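Each chain, written out:
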2 protein chains.
Amino acid sequence: MPKQTFFNLNSSKQNRIIDAAIAEFGAHPYLKTSINRIIKKADISKGSFYQYFNNKKDLYKYVIDQVSDAKMKFLGEKLQNYQQLEFFELLRELFIAGIQFRKNFPRYSEIGDRVLNSSNKDLKNELYAESKPKSNDFFEKLLLKAVQEGKIDPEIDIKFTAFMLTEFSVSIVNYFFETHDTDNVDEIMNYVDKMLYIMKNGIAKGDKNVTN
Amino acid sequence: MPKQTFFNLNSSKQNRIIDAAIAEFGAHPYLKTSINRIIKKADISKGSFYQYFNNKKDLYKYVIDQVSDAKMKFLGEKLQNYQQLEFFELLRELFIAGIQFRKNFPRYSEIGDRVLNSSNKDLKNELYAESKPKSNDFFEKLLLKAVQEGKIDPEIDIKFTAFMLTEFSVSIVNYFFETHDTDNVDEIMNYVDKMLYIMKNGIAKGDKNVTN
DNA sequence: ATATAATGTGACTACAAAGTCATATGACTT
DNA sequence: AAGTCATATGACTTTGTAGTCACATTATAT
């Protein structure tokens, strides 16, 4: 957690610092990020930095939390309208909302991508203590509801399936950026639909008599 | 590529260096790995290092290639009879072999995990110019064959599906190690089977009349 | 035995990072 | 106006890194 001194700052200065941090953490993998560059960009002194934060990780965690909260809030608002949707429909809307978030807050997304692929396992565990479980929990709740409503195969392991959905979601983005150099983020939906198709029907040949 | 001077060394010295490198690259994320530590462990001088390799990345790439080759060779031997196996059976065998490899060569696996999770996109692209497609290609070929044999839904996007399988194969192992602190690697097969079930049938409720 | 080529060495340079601290500046209180 | 407390500063220290190079050692060929 940042120290009290940071929160004492007027919000304009706070934002200047956070913006500089977001830029830095979005531009480099964590281990290559530099406090020196951040303070330069934010136009504060080295000494001040250490009066606001304990160290780089302190700031990093805070920034990640902010971004994660922003996304949750954004998705949460969108989802209010979709309560009545069927599981796969809802999932689809969720991805659309995710893409919208990406469009509206590109800086946030850059840093988010970095975090999701971050390798440093120790750091990752520390950071993800919250945010990945968040997404997992969310999928779990959706799945549970869908099973109860008889929409989803009750045989599945819900925790594991939630995990699978989370990972697939990340993979989709990775795949998109590895195969498309474009900025046309909407095309991601192609892959979302492909993924949903597989999750729904599986890939073994044969028709499924989906019960309603 | 290492310089000729490296290959001129007797294999015992070569191994000493490669072993030190594997230990280092397995123990730290790439950006934190240190040539200094490697030469210390391998008991060679700084000057020698630069007579054998151009830089750290040079060595890194070489090590990754070695590990990747070893794994391919191992899998190839284990799966000699794979031609007559049905797609999902084969996939299962593949995981079993992969887990065996992990058991037999834990050092190799450590470094493999790091690589697969590596965040540095630029580096990743450079490294994977060859080796990632290897695993990807393999899945693609399997899928293609299975589609042709009528075992797999021809509707699916093979490239995309192969990618998802590749990524998830890694995730599943991570998931296991994150949720189970045990060394009983066989339990991973529980999750593999769950994954295969979903990939086969999907999660939507209803029976699938798999055509044979 | 001598000359030549290949290999080995570690002190050194150059650089960038995180973190510290004595001092300066400002703001608020008495 | 004087004194006190919070905040701001940047030069400095320490630590680590990659990479270089003049020289030492060893092996090979003549």
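Here the structure is a predicted model, which means the values were calculated and not measured.

**Student:** Can you break down helix H3 (residues 35-42) of chain B residue by residue, with the values?
**Tutor:** Residue and element names in this part refer to chain B. Taken together, the buried positions of H3 are occupied by Ile35, Ile38, Ile39 and Ala42. Taken end-on, H3 shows its buried residues confined to a sector of 95 degrees, consistent with a single buried face. Exposed residues lying more than 90 degrees from the buried face of H3 are Lys40 and Lys41. The inward-facing, buried residues of H3 abut helix H2 (11-27), helix H4 (46-52) and helix H5 (56-78).

**Student:** So what about helix H6 (residues 87-104) of chain B? Which residues, and what values?
**Tutor:** In a regular helix each residue adds 1.5 Å, so 18 residues correspond to 26 Å; H6 of chain B covers 26 Å between its end C-alpha atoms and thus fits that length. When H6 of chain B is considered as a whole, its buried residues turn out to be Phe87, Phe88, Leu90, Leu91, Leu94, Phe95, Ala97, Gly98, Ile99, Phe101 and Arg102 of chain B.

**Student:** An account of the protein's contact with DNA strand D is needed here, citing residue identities and associated values.
**Tutor:** Around DNA strand D sit 20 residues in total, of which Lys13, Gly47, Ser48 and Tyr52 of chain A together with Tyr50 of chain B are the nearest. Take Asn36 of chain B: an N or O atom from its side chain is 3.5 Å from a phosphate oxygen of DNA strand D. Note that a phosphate oxygen of DNA strand D is positioned 2.9 Å from one of the side-chain N or O atoms of Tyr50 of chain B. Those elements that place two or more of their residues in the surface near DNA strand D are helix H1 (4-8) and helix H4 (46-52) of chain A together with H3 and H4 of chain B. By residue number, the principal contributor to the surface near DNA strand D is H4 of chain A, which donates 5 residues.

**Student:** I'd love a proper account of the interface of chain A and chain B, names of residues and values included.
**Tutor:** A common way to report how large an interface is uses the accessible area buried once the components associate. Listed per partner, the contact involves 50 residues of chain A and 47 residues of chain B. Interface area for chain A against chain B, summed over the two sides, is near 4700 Å², with a carbon-plus-sulfur share of 65%. Ranking the residues of chain A by area buried against chain B places Phe160, Ile203 and Lys205 of chain A at the top, with a combined share of 17%. Taken together, the links from chain A to chain B amount to 2 salt bridges.

**Student:** Explain the relation of the copies chain A and chain B to me, using residue names and the numbers behind them.
**Tutor:** Take chain A, turn it by 179 degrees, move it 0.2 Å along the axis, and it overlays chain B with an RMSD of 0.6 Å. Taken together, these values place the two copies in the relation of a two-fold axis. In terms of proximity to the rotation axis, the leading residue of chain A is Gly202 of chain A, whose C-alpha is 1.9 Å off the axis. Comparing interface residues between copies, 92% of those in chain A also sit at the interface in chain B, which points to an isologous, same-surface contact.

**Student:** So what's going on with the packing of helix H7 (residues 106-117) of chain A against helix H9 (residues 158-179) of chain A? Residues and values would help.
**Tutor:** In a packed pair of helices, the relevant descriptors are the angle between the two axes and the axis-to-axis distance. Residue and element names in this part refer to chain A. Across the interface, H7 lies against H9 with an axial gap of 11 Å and an inter-helix angle of 110 degrees. One finds that H7 runs roughly perpendicular with respect to H9. Note that H7 runs across H9; the crossing there is left-handed. Where H7 approaches H9, its residues Asp113, Leu116 and Asn117 are matched on the opposing element by Val170, Val173, Asn174 and Phe177.

The rules behind each value
Residues numbered from 1 in each chain as written. Chains lettered and ligands numbered in written order. Predicted model: local features only at pLDDT ≥ 70, side-chain atom pairs only at ≥ 80, totals over all residues. Heavy atoms only, no water. Buried < 20%, exposed > 50% of the residue type's maximum accessible area, 1.4 Å probe, protein only. Helix = DSSP H or I, 4+ residues; strand = E, 2+ residues; numbered from the N terminus. Arc of directions from axis to C-beta. Contact = heavy atoms within 4.5 Å. Expected span 1.5 Å × (residues − 1). Near = heavy atom within 4 Å. Polar contact = N/O pair within 3.5 Å; in protein donor to acceptor, adjacent residues only side chain to side chain. Buried area = accessible area lost by both parts, 1.4 Å probe. Salt bridge = Lys/Arg side-chain N within 4 Å of Asp/Glu carboxyl O. Least-squares fit on C-alpha atoms with pLDDT ≥ 70 in both. Axes fitted to C-alpha atoms, helices over the stretch in contact; angles between N-to-C directions. Parallel < 35°, antiparallel > 145°, perpendicular 65-115°, else oblique. Left-handed = near helix turned anticlockwise from the far one by under 90°.

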